[in-house]
Amino acid sequence: MDGKMSWTVADAVDYKGFPADKSKTGGWVPAALVLGIEICERLSTMGIAVNLVTYLGGTMHLPSAISANIVTDFMGTSFLLCLLGGFLADSFLGRFKTIAIFAMIQTLGTCMLAISMKLPQLRPPPCDKSNATHTCKQANEFQMGILYMTLYLIALGTGGLKSSVSGFGTDQFDEKDEKEKAQMTHFFNRFFFFISTGTLMAVTVLVYIQDEVGRSWAYGICSVSMFIAILVFLSGTKRYRYKRSLGSPIVPIFQVIVAAIGKRKMELPFNVNSLYEDSLEATRIQHTNQLRSLDKAAIVAKGDFEKNAGSTPNPWKLCSVTRVEEVKMMARLLPIWATTIMFWTTYAQMITFSVEQASTMERSISNFQIPAGSLTVFFVAAILITLAVYDRFIMPIWKKWKGKPGFSSLQRIAIGLILSTVGMAAAALAEAKRLTVARATSTTTTTLPISVFLLIPQFFLVGAGEAFIYTGQLDFFITQSPKGMKTVSTGLFLTTLSLGFFLSSFLVSVVKRVTGSDGGRGWLADNINYGRLDCFYGLLAILSFINYVIFFVFSMWYKPRKPQSAALQMENIAVNGSSAEEC
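What you are looking at is a predicted structure, and each value in this text was computed from that prediction instead of being measured.

A. The overall build of the protein chain, seen in detail. For the protein chain, the helix and strand inventory stands at 18 helices and seven strands. Burial status across the protein chain gives 53% buried among its 583 residues. At a minimum sequence separation of 6, the contacts of the protein chain that also span at least 24 residues come to 81%. Total accessible area on the protein chain is roughly 26400 Å²; 65% of this is exposed by carbon and sulfur atoms.

B. Seen up close, the packing of aromatic side chains. According to the stated counting rule, one finds 31 aromatic pairs in the structure shown. Between the aromatic rings of W28 and F173, the centroid separation amounts to 5.5 Å while the plane-to-plane angle is 75°, which identifies the pairing as edge-to-face. Taken together, the positions of W28 in helix α2 (residues 28–58) and F173 in the loop between α6 (165–170) and α7 (178–212) put the pair 145 residues apart, joining distant regions of the chain. Judged by centre distance (6.5 Å) and plane angle (45°), the ring pair of F378 and F460 falls under tilted. Here the residue F378 occupies a position in helix α13 (residues 377–402), and F460 occupies one in helix α15 (residues 456–479), the gap between them amounting to 82 residues. On the basis of relative accessibility, which here comes to 22%, the residue F378 falls in the partly exposed class. The class of F460 is partly exposed, set by a relative accessible area of 32%. Clustering of aromatic rings is evident, with ring pairs tying together F79, F343, W344, Y347, F379 and F501.

C. Spatial organisation of the nonpolar core. Counting 108 residues, the largest nonpolar core has L56, F536 and Y537 as the members making the most contacts within it. Sort the elements by how many residues they give to this core and helix α14 (residues 409–439) lands first, with ten residues. Each residue touching Y537, except ones within four places of it in the same chain, is listed here: Q349, F353, S354, Q357, M424, A427, A428, E431 and Q458. V13, I99, A103 and F233 belong to the second-largest nonpolar core, a separate cluster that totals 26 residues.

D. Spatial organisation of empty space enclosed by the protein. Under the criterion given, the structure shown has four cavities of 30 Å³ or more. Taken as a whole, the largest cavity holds about 50 Å³ of empty space. Around the largest cavity, the lining residues are Y55, M60, S116, M117, L122, Q143, I146 and L147. Among the elements that take part in the lining of the largest cavity, helix α5 (residues 141–162) stands out by supplying three residues, more than any other. Partitioned by chemical class, the residues of the lining of the largest cavity number six nonpolar, two polar and no charged.

E. Fine view of the pattern of salt bridges. On inspection of all chains with the given rule, the structure shows 13 salt bridges. Of the charged contacts, one joins R434 and E431 as a salt bridge, the two residues approaching to 2.8 Å between their closest N and O atoms. In this pair, R434 and E431 are both assigned in helix α14, three residues apart and thus about one turn of the helix distant. A single burial state applies to R434 and to E431, both of which are buried. Put simply, R292, D295, E325 and K328 are held in one network by salt bridges that share partners.

Reading the values: rules and limits
Residues numbered from 1 in each chain as written. Predicted model: local features only at pLDDT ≥ 70, side-chain atom pairs only at ≥ 80, totals over all residues. Heavy atoms only, no water. Helix = DSSP H or I, 4+ residues; strand = E, 2+ residues; numbered from the N terminus. Buried < 20%, exposed > 50% of the residue type's maximum accessible area, 1.4 Å probe, protein only. Contact = heavy atoms within 4.5 Å. Areas by Shrake-Rupley, 256 points an atom, 1.4 Å probe, with all protein chains shown as cover. Phe/Tyr/Trp six-rings, centres within 6.5 Å; stacked < 30°, edge-to-face > 60°. Core = buried A, V, L, I, M, F, W, Y, C linked by side-chain atoms within 4.5 Å. 1 Å grid on protein atoms, 1.4 Å probe; cavity = no way out; pocket = protein on both sides within 12 Å on 5 of 7 lines; lining within 4 Å. Points joined across faces, edges and corners; volume = space filled by probe spheres on them. Nonpolar A, V, L, I, M, F, W, Y, C, P; charged D, E, K, R; others polar. Salt bridge = Lys/Arg side-chain N within 4 Å of Asp/Glu carboxyl O.

See the structure below:
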């Protein structure tokens, strides 16, 4: 019997619901089938995002600021919907069904987008170039409504996929088996590789097809690719390992809050040992004096125990000290969480205004015209180069000097914030130079006599910043949160991306209103050649610097959780599914 059980995975089942047999389920082949979904998701989402602003301005004839906000709102919604996908996967559907359903939704969205861009009725007529004013008619409400419907259908599919793809991939490995645990580490590396591959294909090949062949063809390729990936994914149904849904980890947080509010008028006991505790000794978390108002959830009062249930307490009235401390740990993450949002606001400029800048500049190399959206390849390159330099050079040097394997998570976040601040300052200087050339050039000139490579520093600085802040955030939220709340903590990580994009939309709207819109002018003019985008970038640099100072104060206040053993960290990552990595 023992020999038979050694060939099964304790916490996983096969497609029939029986304990998963290691010889027939899981491992590299099923995990590889999952990765196909991820590369197609990256291809579609990034291929749309990095070049959408040029379509909105050049084809739909929308003002610069409105075009940028549509892109940032689309991306922000995609990341925000990760929370919905994660909730459905944890509480009802499971990861396999969640991936299948939301992949089909995204395929439907990209197919509809391809069709909408093929039909002339769904876009305004070209600009009238017969007069000096180049009269352009903006897209009407119906045309924009169809575009919004397709974009947010894609955002819904993306959100559901992001929450489950990497987690389901890690489900194919047994973290209690040393051999499979090592394979899981390699899976993470390959997962990052596929993310990068999908992004690179999106900003190079797909953007080129959009500009030179047609957007409907490009998005049609995305639809067909995702459909094939779904078929490949479903082909592995019998070989997958499935983890049972354990319920939403958000519920315990609300239970502590509700219980504490219900007992807000009660006095805390002088002896903390009088507070309720039912956790095993090995899993208990020691009481802390911070956020003591939450301790009231652990005060034993009349009516706290369920009727006819022996010693079982009502979790909405009485919570253990360990459960309360877990919620406290999550609450202590919030200041760091809040100060990382600003980075993703600067990131948003790389796929909106920076692409618009590129579209006005000289992009020719010999007889080849670089698509404006493909300039983000320097952004991706900066990420890959930074990660390689950090892994091969900085980490060994830091280990010899400080005795630590690289920078701490908070140090990496700090470096990312600094680089993004410098990146925005560089962007302001580059834009000031571009505007000088624009004002000295004839208004009828569509391409300014200034090289697009002037924008490379801002792409490289913010890209390098992402390499640090992304890994720092992922490490911080995984290692500094309770084991049972890893999904919630990575959900916090995902919301920083979402809120960063929404904050960008908010700032653009405010700046547009405050700096004036007479004749489409102001800092964010309808045509960026007549605006002061350099001032907007300068504002972002100042706000980023202020944000960094606030982050520095909070990071000094924060007391890091003691590091876990390597084995426990791997277990935590497996439990969480490392759901933030696909962002």
